[in-house]
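Structure assessment
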Amino acid sequence: MRAERPIVAHPERQTLAQRITSGSIASVAWGLWLFLWLPALSALLWMLGVHITYKSIVRAPNQSSLLIVLLLVFTCNMIVSSWASYNYIRFVGKTRRRSSGVVSHEAVG
């Protein structure tokens, strides 16, 4: 007897809470991915003559706006550095995972 596909492949088997959680996580992930495209969007708008970033950050800076930008840069740097350090500490010197060998149905039985 072959094993069925995992529950991820059968959304109709998920409970309402699992579907809501999965959809929420997917929405947040897509939102973050789109947020990463904001510099490219800003550059495109700049080429088209819309200078939103220039007006809000460069032309009318005050202490709070510059501190917010500095805080955002520092926060992003700390998050990426922490994640890279965690992965380095966790996986340094370890061999990469390899796929397991094929197991016959008789061996499983």
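Residues numbered from 1 in each chain as written. Predicted model: local features only at pLDDT ≥ 70, side-chain atom pairs only at ≥ 80, totals over all residues. Heavy atoms only, no water.

**Some thoughts on the overall build of the protein**
A count of helical and extended segments in the protein gives five helices and zero strands. Along the protein, helices and strands appear, N-terminal first, in the series α-α-α-α-α. When the accessible surface of the protein is summed, it comes to about 10500 Å², and 69% of that surface belongs to carbon and sulfur atoms. (Helix = DSSP H or I, 4+ residues; strand = E, 2+ residues; numbered from the N terminus. Areas by Shrake-Rupley, 256 points an atom, 1.4 Å probe, with all protein chains shown as cover.)

**Comments concerning the packing of aromatic side chains**
Taken as a whole, this structure holds three aromatic pairs when the rule is applied. With a centroid separation of 5.6 Å and 80° between ring planes, the pair formed by Trp-30 and Trp-33 is classed as edge-to-face. Taken together, the residues Trp-30 and Trp-33, both in helix α1 (residues 16-35) and three residues apart, mark about one turn of the helix. Plain terms: the ring middles of Trp-83 and Tyr-86 are 5.4 Å apart, the flat faces sit at 35° to each other, and that makes the pair tilted. Taken together, the positions of Trp-83 and Tyr-86, both in helix α4 (residues 63-91) and three residues apart, correspond to about one turn of that helix. Among the residues examined, Trp-83 registers a relative accessible area of 55% and is labelled exposed. Assessed through its relative accessible area of 39%, Tyr-86 is described here as partly exposed. An aromatic cluster of three or more residues is present, and its members are Trp-30, Trp-33 and Trp-37. (Phe/Tyr/Trp six-rings, centres within 6.5 Å; stacked < 30°, edge-to-face > 60°. Buried < 20%, exposed > 50% of the residue type's maximum accessible area, 1.4 Å probe, protein only.)

**What about a nonpolar patch on the surface?**
Where nonpolar side chains cluster on the molecular surface, the patch consists of Phe-35, Leu-36, Leu-38, Leu-41, Leu-44, Met-47 and Leu-48 and spans about 790 Å² of accessible area. For the nonpolar patch, the element with the most residues is helix α2 (residues 38-47), which contributes four residues. Note that Met-47 resides in helix α2. (Patch = residues over 30% accessible without salt bridge, like charges linked within 9 Å, V, L, I, M, F, W, Y side chains within 5 Å. Salt bridge = Lys/Arg side-chain N within 4 Å of Asp/Glu carboxyl O.)

From the geometry alone we can't say anything about function, so treat these as descriptive.
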